[in-house]
Amino acid sequence: MTSREVLAVAAVALPALAAVGSAVAPRRAVGALATGGATLAAVAAGAVAVETLGRPGTTAVSAWLVVDPAAGILVGVIGAVGLASVVVSPSYLSTVTRSLVRESRIPRFYYSLLFAFWAILAAVPVIGNLGGAWLLVEATTAVSALLVGFSGTPRALEAGWKYLILTSLGLGIALLGVVLLAATAGGGLDALSWQALARVPAGGQTVLIAYLLLLAGLAAKIGWAPVHNWLPDAHSEAPAPVSALLSAALLPTVLLVAWRSSRALAPAVGTATAHAVLVGFGLLSLAVAVPFLWRPLPWKRLLAYSSLEHMGVIALGLGFGGPLALAGVVVHIAGHAAAKALGFYAAVPLLSHEPRAGRHAVGGVARTEPALAATMGISLGALAGLPPSPLFFSEVLIIAGGFAAGRPWTAAASALLLSLGFLGLAHALLDTLAGRARHGTQRGRSDGMRTVTILAAVTAASLLALTVAAFWLPGSELAHNLAAELR
Amino acid sequence: MSGALAWFLVALGLGVVVARRRSLAVALVTGQALVLAVRAHSEPGAAAALAVRALVLGLLLLLVVSRTREPRPVRSGVAPLLRGGFAVTLALAFTWLVPTLGLASRNAERGVLALIAFGLVAVATRTATLFQVLGIVLVENGLALAALQLHTGSSAAIELGVAFDLTLIATVAVVFHERIFAEFGAGDAGALRSLRD
């Protein structure tokens with residue numbers, strides 16, 4: 001095994017060990033163990049990201065493991081968001097009054113599930129086989145559904161149930177695509193490695209059907225329209241640190257599986273067809289998300305619809321292909337993860353400051369809790385694409401990539417939808433921070449504000465660094481390598 | 001695969017769509033998986049995975065049925081005959097729309113598409129939570145049938161993967177079903193309608 005492969009295995013094994021440790025540790029030690037485990041796991045994940053992005057031309061690939069720059073970016077994102085989620089979790093757990101399990105078991109149950117989710121998520125980008133990736137994605141559903149329904153309230157049960165049933169059905173459809181690919185490729189599970197799939201003979205109708213089934217099934221898990229119904233419910237009812245992992249890490253990680261499938265099968269189904277499916281899902285997701293961004297929604301639900309929009313943007317970038325669009329995708333995945341995770345973390349103090357925020361749009365937070373307002377402002381401003389947000393530059397790169405790829409009408413339609421989405425979120429931003437508080441609003445103290453303020457400062461610095469990276473990335477070796485792999 | 005066997009599996013699937021009693025539907029999907037296990041006798045790994053999965057899931061679901069006795073049957077809102085009609089129509093539409101899948105027999109292909117259609121209809125038209133889980137099991141039984149009909153003989157690994165996945169998902173679904181039953185007094189997804197935009 002190379003050092004890169006060892007790091008990748010460590011990035012998966014460490015959170016898995018932390019999950020086991022959290023399940024068996026004495027109750028008083030769980031918090032410390034979780035923080036220690038998360039720190040080690042995040043360091044390993046960061047090392048994978050640094051190693052792969054530092055030497056983008058080198059890729060460790062075997063039948064079961066692929067440690068390339070795309071995997072490095074996702075493992076790094078999962079590590080960073082995982083660590084931040086664990087750091088915020090004590091503030092969330094201090095507010096928990098009921099759960100799926102007895103009160104004495106809550107911390108162990110919560111942390112063991114959180115780390116199990118993290119470990120499985122981290123394994124998805126580095127698995128070198130479509131069959132293995134499918135199995136891992138399905139496993140994330142089982143674990144994360146329990147986390148979505150963690151509070152045990154009727155609304156959480158509803159969200160968890162919808163998520164479990166809809167994504168399982170979707171992944172069942174995707175599995176039919178996998179089975180058909182196995183039939184076409186021949187040679188058992190090894191035939192489903194990313195490398196082997198790229199050698200599937202072109203022109204067969206079965207491969208095209210398999211590709212469409214696979215993408216349609218994965219779309220249900222990514223939250224692409226029109227199979228996104230579970231997404232706003234699950235993101236809004238899950239514990240805030242879990243919502244951050246779902247939105248910032250799970251969705252783009254499954255999207256990576258869709259991209260790897262598209263890239264591998266492009267020679268067989270035709271590059272134009274493979275890309276058109278991604279562009280179609282991207283445009284549709286944007287078109288469905290934008291009207292919701294104009295409505296006064298509860299904070300976490302607004303962030304959930306913003307996830308639908310951003311997954312659409314990433315799909316467009318992958319569908320356009322080319323160094324410009326792919327550079328935009330890299331910046332967009334990282335920027336979205338940072339800004340969206342911060343938004344969900346802000347929900348912890350927000351819900352103690354204004355309990356109605358769970359079901360209603362909030363307004364005028366800046367008047368009563370300036371630090372919280374600043375945090376929410378950084379998150380929503382960045383997500384809206386307000387300059388100097390890196391998401392503004394990534395969206396410009398993706399649109400430019402669309403024109404460069406010879407899709408001017410699609411790029412123009414995307415630009416129009418993104419502008420409308422920007423206006424919707426900008427309006428929500430103004431209303432949330434400076435608008436009028438709803439009648440009868442009771443406001444109290446904000447639990448966990450100190451932790452979230454520190455995270456806001458770190459996130460703001462990271463977002464600015466990403467903005468700088470957005471200028472450097474388009475001509476870089478990394479963008480060219482990602483694009484070259486597509487050809 | 002013989003036409004008679006494919007039609008038998010499809011008939012068991014249709015039974016799940018129209019059945020009123022949960023225990024009967026559990027028995028039907030379990031029987032379906034056991035038939036598939038017998039059919040896979042030439043591949044011991046696949047047969048074992050299917051048989052163990054069928055028995056474990058069957059026992060788990062029957063245990064849940066006994067632990068969550070409904071005071072009265074959960075009404076689905078769509079009459080059994082209509083459900084059956086939807087299921088058959090969707091199955092025919094799939095068979096008509098989807099060209100050849102590349103499996104060893106055309107009968108098996110039709111059976112796979114029919115079972116997937118029945119699973120989708122069961123989830124969409126039944127509000128009893130346990131029946132929605134059985135819809136997913138139906139879809140996975142269809143996929144198990146597809147894996148058995150691969151020319152390449154790689155079905156054991158796929159059956160093992162499906163068995164693992166389905167057991168995991170069903171276990172989590174059972175946790176949710178019991179909590180929903182405790183919360184609402186019935187395993188009825190129709191009660192879960194508070195999240196709307």
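Residues numbered from 1 in each chain as written. Chains lettered and ligands numbered in written order. Predicted model: local features only at pLDDT ≥ 70, side-chain atom pairs only at ≥ 80, totals over all residues.

Some remarks on the overall build of chain B
- Tallying secondary structure elements over chain B gives 7 helices and 0 strands in all.
- In terms of C-alpha radius of gyration, chain B reaches 17 Å, essentially the compact-globule figure of 16 Å for 197 residues.
- Residues counted as buried form 50% of the 197 residues belonging to chain B.
- Here the analysis covers contacts within chain B between residues at least 6 apart in sequence; of these, 72% occur between residues at least 24 apart. (Helix = DSSP H or I, 4+ residues; strand = E, 2+ residues; numbered from the N terminus. Rg over C-alpha atoms; globule rule 2.2 N^0.38 Å. Buried ≥ 20, exposed ≤ 12 C-beta atoms within 10 Å, placed from the backbone. Contact = placed C-beta atoms within 7 Å.)

Some details on the overall build of chain A
- Summing up its helical and strand segments, chain A has 19 helices and 2 strands in all.
- For chain A, the spread of C-alpha atoms along the principal axes amounts to about 65 × 50 × 40 Å.
- Sequence-distant contacts, at least 24 apart, represent 81% of the contacts inside chain A between residues at least 6 apart.

Focus: the interface of chain A and chain B
- Contacts between chain A and chain B engage 40 residues on the former and 38 residues on the latter.
- Elements supplying a minimum of two residues to the side of chain A that touches chain B: α5 (130-148), α6 (154-185), α8 (205-222) and α9 (230-237) of chain A.
- Residue contributions to the side of chain A that touches chain B peak at 19 residues, all from α6(A).
- Across the side of chain A that touches chain B, the residue classes tally to 23 nonpolar, 13 polar and 4 charged. (Nonpolar A, V, L, I, M, F, W, Y, C, P; charged D, E, K, R; others polar.)

Examining unusual backbone geometry
- The linkage connecting A225(A) with the following residue, P226(A), adopts the cis geometry, with an omega of 5°.
- Mapped onto the fold, P226(A) is located in the loop between α8 and α9.

Regarding helix α4 (residues 106-126) of chain A
- Here α4(A) contains 21 residues, and its C-alpha end-to-end distance of 31 Å stays within 8% of the 30 Å for a straight helix at 1.5 Å per residue.
- Among the 21 residues in α4(A), 20 count as buried, and that is most of the element. (Expected span 1.5 Å × (residues − 1).)

Focus on the nonpolar core
- The biggest cluster of nonpolar side chains holds 285 residues, and the ones touching the most others in it are Y345(A) and F118(B).
- Not counting chain neighbours up to four residues away, the residues in contact with Y345(A) comprise A84(A), V88(A), A240(A), A244(A), V452(A) and L455(A). (Core = buried A, V, L, I, M, F, W, Y, C linked by C-beta atoms within 7 Å.)

Regarding the confidence of the model for chain B
All names here are of chain B.
- Per-residue confidence for chain B gives a mean pLDDT of 90; residues scoring 70 or more make up 97%.
- Looking across chain B, the model is least confident in helix α7 (residues 155-184), with a mean pLDDT of 90, and most confident in helix α2 (residues 22-39), with 95.
- For this predicted complex, the interface score ipTM comes out at 0.94, alongside a pTM of 0.95. (pLDDT = per-residue confidence, 0-100.)

Describing helix α15 (residues 370-384) of chain A
Residue and element names in this part refer to chain A.
- Its 15 residues place the ends of α15 20 Å apart at the C-alpha level, agreeing with the 21 Å of an ideal helix rising 1.5 Å per residue.
- The buried fraction of α15 is high, at 12 of 15 residues.
- Every buried residue belonging to α15 is among L372, A373, T375, M376, G377, I378, S379, L380, G381, A382, L383 and A384, and all of these are buried.
- Where α15 is buried, its residues touch α12 (299-320), α13 (322-353), α14 (365-368), α16 (390-404), α17 (408-434) and α18 (449-472).
- Of the residues one or two after α15, G385 is the one with positive phi, at around 90°.

Some remarks on the environment of K340(A)
Residue and element names in this part refer to chain A.
- Here K340 shows up in helix α13.
- On the basis of neighbour count, K340 is assigned to the buried category, with 28 C-beta atoms found within 10 Å.
- Sequence separation between K340 and L380 is 40 residues; the distance between their C-alpha atoms is 8.0 Å.

Details of the environment of T273(A)
All names here are of chain A.
- The topology assignment puts T273 in helix α11 (residues 271-293).
- For T273, a count of 15 C-beta atoms within 10 Å translates into the label partly exposed.
- T273 sits 124 residues away from L397 along the chain, and the two C-alpha atoms are 22 Å apart.

Describing the packing of α4(A) against α5(A)
Residue and element names in this part refer to chain A.
- Direction vectors running N to C along α4 and α5 enclose 160°, while the axes themselves pass 9 Å from each other. One element, α4, and the other, α5, form an angle in the roughly antiparallel class. Read as a crossing pair, α4 and α5 show a hand that is left-handed. Contact with α4, carried on its side by L113, L114, A116, F117, I120, L121, A123 and V124, involves A133, L136, V137, A139, T140, V143, S144, L146 and L147 of α5 and no other residues of that element.
- Here the residues of the contact of α4 with α5 are counted per class, giving 15 nonpolar, 2 polar and no charged. (Axes fitted to C-alpha atoms, helices over the stretch in contact; angles between N-to-C directions. Parallel < 35°, antiparallel > 145°, perpendicular 65-115°, else oblique. Left-handed = near helix turned anticlockwise from the far one by under 90°.)

Some points on the packing of helix α2 (residues 30-54) of chain A against α4(A)
Residues and elements named next belong to chain A.
- Here α2 crosses α4 at 10°, and the two axes come no closer than 11 Å. The orientation of α2 with respect to α4, classified from their angle, is roughly parallel. Residues V30, G31, A34, G37, A41 and A45 of α2 form the contact with α4, whose own contacting residues are P107, R108, Y111, F115, W118 and A122.
- Partitioned by chemical class, the residues of the contact of α2 with α4 number 9 nonpolar, 2 polar and 1 charged.

Digging into the environment of L397(A)
Residues and elements named next belong to chain A.
- Looking at the secondary structure, you find L397 in helix α16.
- Distance in space between the C-alpha atoms of L397 and L181 is 34 Å, their sequence separation being 216 residues.
- Among all residues touching L397, those that are not within four sequence positions of it are L324, A325, A327, G328, V331, A470 and P474.

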